[in-house]
Every structure is written in structure tokens, then in C-alpha cells.
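Observations on the model geometry
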Amino acid sequence: MSSPELAIGPNTRVTLHFALKLEDGAVVDSTFERSPASFTVGDGNLLPGFEKRLFGLTAGQRGSYQVPPEDAFGQPNPANVQRLPRSQFAADMELSEGLILSFADANRAETPGVVARFDSEEVVVDFNHPLAGHTLSFDVEILRVEPGLD
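What comes next is a walk through the structure.

Calculation notes
Residues numbered from 1 in each chain as written. Predicted model: local features only at pLDDT ≥ 70, side-chain atom pairs only at ≥ 80, totals over all residues. Heavy atoms only, no water. Helix = DSSP H or I, 4+ residues; strand = E, 2+ residues; numbered from the N terminus. Rg over C-alpha atoms; globule rule 2.2 N^0.38 Å. Phe/Tyr/Trp six-rings, centres within 6.5 Å; stacked < 30°, edge-to-face > 60°. Buried < 20%, exposed > 50% of the residue type's maximum accessible area, 1.4 Å probe, protein only. Salt bridge = Lys/Arg side-chain N within 4 Å of Asp/Glu carboxyl O.

**Examining the overall build of the protein**
Helices and strands together make up the secondary structure of the protein, namely one helix and nine strands. Along its sequence from the N terminus, the protein presents helices and strands in the succession β-β-β-α-β-β-β-β-β-β. Radius of gyration (C-alpha) of the protein: 20 Å, far over the 15 Å computed for a compact globule of 150 residues. Taking the principal axes of its C-alpha atoms as reference, the protein extends roughly 75 × 35 × 30 Å.

**Considerations on unusual backbone geometry**
Even without a glycine there, the phi angle at Asn11 is positive, about 60°. In this fold, Asn11 is placed in the segment before strand E1 (12–21). Despite not being glycine, Arg108 has its phi angle at roughly 65°, a positive value. Considering the arrangement of structural elements, one finds Arg108 in the loop between strand E6 (100–104) and strand E7 (110–118).

**Observations concerning the packing of aromatic side chains**
Considering all chains together, one arrives at five aromatic pairs under this definition. When the ring of Phe103 is compared with that of Phe127, the centres are 5.1 Å apart and the planes differ by 75°; the resulting orientation is edge-to-face. Of this pair, Phe103 sits in strand E6 while Phe127 is found in the loop between strand E8 (122–126) and strand E9 (136–147), placing the two residues 24 residues apart along the sequence. Through successive ring pairs, a cluster of aromatic residues spans Phe18, Phe50, Phe73 and Phe138.

**Remarks on the environment of Asn107**
Relative to the elements of secondary structure, Asn107 occurs in the loop between E6 and E7. Residue Asn107 is classed as exposed on the basis of its relative accessible area, which comes to 69%. Here the alpha-carbon distance between Asn107 and Ser96, two residues 11 residues apart in the chain, equals 27 Å.

**Considering the pattern of salt bridges**
Tallying each qualifying case throughout the model produces seven salt bridges. In this structure, Arg53 engages Asp71 in a salt bridge whose closest nitrogen and oxygen atoms are separated by 2.9 Å. Here the residue Arg53 occupies a position in helix H1 (residues 48–54), and Asp71 occupies one in the loop between strand E4 (62–67) and strand E5 (81–85), the gap between them amounting to 18 residues. Residue classification places Arg53 among the buried positions, given a relative accessible area of 19%. Asp71 gets classed as partly exposed once you look at its relative accessible area, which sits at 21%. With a closest N to O distance of 2.6 Å, Glu122 and Arg83 form a salt bridge. Of the two residues, Glu122 sits in strand E8 while Arg83 sits in strand E5, which places them 39 residues apart along the sequence. Taken together, the shared-partner salt bridges connect Lys52, Arg53 and Asp71 into one network.

Limitation: the analysis is restricted to geometry and does not speak to function.
The structure is reproduced here in C-alpha cells:
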């Protein structure tokens, strides 16, 4: 008698196709038209809120899940919206709403920020994750589940 198929759980390696969509159905990212993604549960490549929805699934199964902001990229934090003097930006820099700029944080790591609005005096930059506050649709097709490496 064959052993039951390995189900997704802690320390399993998963190969899958996925699509991540916004509330309006717009696709944020998808592997269905390209190579599948692989990760080991708990390795940080997939947020825990997404991982836990896969637990118990086996190869060949499909699923579609709604993931609220609390289990995805969180709610926007007003403290992550900064007002910066326009003088901190090059005078010839063309700013536009939605422009993504790279900033150095206190540890000199690159941090992206999105220009929310600007005028001649200040630039308002939003450092929240672009998907913060969104309920996301997470569609998956599990291709393979294997024991993880110890």
C-alpha cells in the first residue's frame, strides 16, 4: 500500500503556480504564464499569512483564498508617510505622483518610497508597502510537495 501524499506543512518544500490579485481582479504577480515558484515553508519567501492557507494541500490541488491586510502586507501606517522639503530633491528632478524613489534608511539600506503628492515647498512620500491595506486574492496550483532539507 502506498503512503499518503505529503501535505504542505512545516519544513516542506513546495513548487506551485500562483496568482496574486487585487480586489478589482488586477493581477499583481503570477507564475501561471512562466516558471513555477518554489519555497520551503518558513524560509521567509512567502508571508506566513499566505503559507498557512496552503497547509494540508497536496500536489495536484488548486485553491483560491482571500487574504486580508492583517495576514498580507498589513494596514497602512500614517507614521510611514513623510513630508520632506522639496529642497532635498534635485532641482531638475521631475516628480510625479506615484513615482517610486529609493531612499537610504538609518542603516543605509535601500528603502522604496512612493511620491504621494508634492508642490514647490514639500514632497509627501509614502513608505508603506504598496499592497498595505488591500485584501488580496491568492490563487494557487500545487505542483509538488517534498520533504524540506534539515
